Amino acid sequence: MHTSDRARELHDRAIIVDAHNDTLVLRLSRDEHLDVTERDERYHLDVPRALEGGLTCCFFMVGSSTLDQSLELVDGTWRLVEDHPDQVILATGAADIERAKAEGRLAIIGQLESCTCLNGSLAVLRDLYRLGVRVANLTHGEGGEGTTQHENSPFDFCEPADREQARRGPGLTDFGREVIAECNRLGIVIDLAHASDASFYEAVELCATPPIFSHGAVFAQCPHWRGLTDDQLRLLADAGGVMGMACVPFFIDREAPSMERMIDSIQHVIELVGPDHVGLGADYDGMREGLVPIPASVERLPELTEALVRRGFDDETVLKVLGGNFLRVLREVAG
Ligand SMILES: [Zn+2]
């Protein structure tokens, strides 16, 4: 895709935030080193290509199912920033992201993709906060004993009637509510991606600070459980939150995913709740092997900017979608 001068100028000026990727955990699962400053085309993301693509900040998934795994991933992130301070910075707030932009470095935000790794302990949550974690998904979809919600979240295509029914199901566990309160107190952004509908509705009410839905899609555009319904989008916006549009093709469109269809989803959110509540949550290296994300990998992010410009959004809206909205939430919650 040809990049126009206006798109290039906006892309260069923007603080660009990707609110979710699984690159580290995918590498860990394959017994590969976590020094992602080496270019590695087998993955969707590495530091050189992120900087080439103009990315300012990405959320690295550093914890999900087990505490052992989380500590490995947190260590990998720390070693990355210790070994390559010229390229990366571990960000604990908005100022670090602005500094990374000014210095041409990549800011990394530590993100849990589930609170199951806390083993039911808020002390572990506090320790992970001390180690830099600033975003916490309540669940990666799992429910039951030791988790934040009573039932597993479904993951598939579904009908509107399924959504209506699901919101009346059992929601958060006591531990889930405690995690929300402690995240609010500490300054950790609560991430509702993967939560069941019942948990979503309960959590969005309990959040005292703006929550996010780091990587998901728009149900009105594509009938998948990972898409937010219009009702959910309104509640998320009312809470000051932001949805990250994922680059996962089958979240974008069931039959014919494309960049245009991705922009349709972003436009849907903007028309529904205004320009302040949608961003990018790519989910790079987090989708089934063989799937091609849109844009296909991180160095191709200028394609997204070009498509937003071609759709006719004004400069301010484009800058908000590319990262301004997530930056605002991080500033409000984490400082
Ligand atoms: Zn993930």
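Below you will find a few notes about this structure. (Residues numbered from 1 in each chain as written. Predicted model: local features only at pLDDT ≥ 70, side-chain atom pairs only at ≥ 80, totals over all residues. Heavy atoms only, no water.)

### Some details on the coordination of the zinc ion
At step 1: Those donors, His20 (NE2), Asp22 (OD), Asp22 (OD), Glu113 (OE) and Glu113 (OE), are the protein atoms that reach the zinc ion, and they lie 2.1 to 2.6 Å from it.
At step 2: Each donor residue of the zinc ion belongs to the same chain, with the gaps between them written as H-x1-D-x90-E. Here Glu113 lies in the loop between strand S4 (106–112) and helix H6 (122–130) and Asp22 lies in the loop between strand S1 (17–21) and helix H2 (23–29), a separation of 91 residues in the sequence. (Donors = N, O, S within 2.8 Å, 3.2 Å for Na, K, Ca; no water. Helix = DSSP H or I, 4+ residues; strand = E, 2+ residues; numbered from the N terminus.)

### Side note on the environment of Leu138
At step 1: Along the polypeptide, Leu138 turns up in the loop between strand S5 (133–137) and helix H7 (160–166).
At step 2: Taking the C-alpha atoms as reference points, Leu138 and Leu192, 54 residues apart in sequence, are found 6.4 Å from one another.
At step 3: The residues touching Leu138, leaving out its near neighbours within four places in the chain, are Ser114, Cys115, Thr148, Leu172, Gly176, Val179, Ile180, Ile190, Asp191, Leu192 and Ala203. (Contact = heavy atoms within 4.5 Å.)

### With respect to empty space enclosed by the protein
At step 1: Following the criterion strictly, the structure yields 1 cavity of 30 Å³ or more and no others.
At step 2: What the largest cavity holds in volume is close to 50 Å³.
At step 3: Around the largest cavity, the lining residues are Val62, Val74, Thr77, Trp78, Leu90, Gly110, Leu131, Gly132 and Val133.
At step 4: Here the lining of the largest cavity gets 3 residues from one element, more than from any other, and that element is helix H4 (residues 67–83).
At step 5: When its residues are assigned to classes, the lining of the largest cavity shows 6 nonpolar, 3 polar and no charged. (1 Å grid on protein atoms, 1.4 Å probe; cavity = no way out; pocket = protein on both sides within 12 Å on 5 of 7 lines; lining within 4 Å. Points joined across faces, edges and corners; volume = space filled by probe spheres on them. Nonpolar A, V, L, I, M, F, W, Y, C, P; charged D, E, K, R; others polar.)

### Structural notes on the packing of aromatic side chains
Any aromatic ring pair is given by two values, namely how distant the centres are and how the planes are angled relative to each other.
At step 1: Tallied over the full model, the rule gives 6 aromatic pairs.
At step 2: Seen in terms of ring centroids, Phe200 and Tyr201 are 5.7 Å apart; in terms of plane orientation they differ by 80 degrees. Their pairing is edge-to-face.
At step 3: We classify Tyr201 as buried; its relative accessible area is 14%.
At step 4: The structure contains a cluster of three or more aromatic residues connected by ring pairs, namely Phe155, Phe250 and Phe251.
At step 5: Its end group placed over the ring of Tyr129, Arg134 keeps NZ or CZ at 3.7 Å from the ring centre.
At step 6: Between the NZ or CZ atom of Arg163 and the centre of the ring of Phe219, over which it lies, the distance is 4.8 Å. (Phe/Tyr/Trp six-rings, centres within 6.5 Å; stacked < 30°, edge-to-face > 60°. Buried < 20%, exposed > 50% of the residue type's maximum accessible area, 1.4 Å probe, protein only. Lys NZ or Arg CZ within 6 Å of the ring centre and 35° of its normal.)

### A look at the environment of His2
At step 1: Note that His2 resides in the segment before helix H1 (5–13).
At step 2: A relative accessible area of 61% means that His2 is categorised as exposed.
At step 3: Distance from His2 to Glu303, taken between C-alpha atoms, is 8.1 Å for residues 301 residues apart in sequence.
At step 4: In contact with His2, not counting residues within four places along its chain, are Glu306 and Arg310.

### Observations concerning a negative patch on the surface
At step 1: Where like charges cluster on the molecular surface, the negative patch consists of Asp68, Glu72, Asp75, Glu82 and Asp83.
At step 2: Inspection of the secondary structure assignment puts Asp68 in helix H4.
At step 3: In this structure Asp68 comes out as exposed when scored by relative accessible area, which is 61%. (Patch = residues over 30% accessible without salt bridge, like charges linked within 9 Å, V, L, I, M, F, W, Y side chains within 5 Å. Areas by Shrake-Rupley, 256 points an atom, 1.4 Å probe, with all protein chains shown as cover. Salt bridge = Lys/Arg side-chain N within 4 Å of Asp/Glu carboxyl O. Lys, Arg positive; Asp, Glu negative; His and termini not counted. Charge placed at Lys NZ, Arg CZ, Asp CG, Glu CD.)

### Considerations on the pattern of salt bridges
At step 1: Taken as a whole and judged by the stated rule, the model has 33 salt bridges.
At step 2: A salt bridge links Asp197 to Arg163, with the shortest nitrogen-to-oxygen separation between them at 2.7 Å. Pair noted here: Asp197 is in helix H9 (residues 197–206) and Arg163 is in helix H7, with a separation of 34 residues, a long-range link. Per residue, the accessibility class of Asp197 equals that of Arg163, and both read buried.
At step 3: Its salt-bridge partner being Glu306, residue Arg310 comes within 2.7 Å of it at the nearest N-O pair. Here Arg310 pairs with Glu306, and both are found in helix H13 (residues 302–311), just 4 residues apart, close to one helical turn.
At step 4: Residue classification places Arg310 among the exposed residues on the basis of a relative accessible area of 53%.
At step 5: What makes Glu306 buried here is its relative accessible area of 3%.

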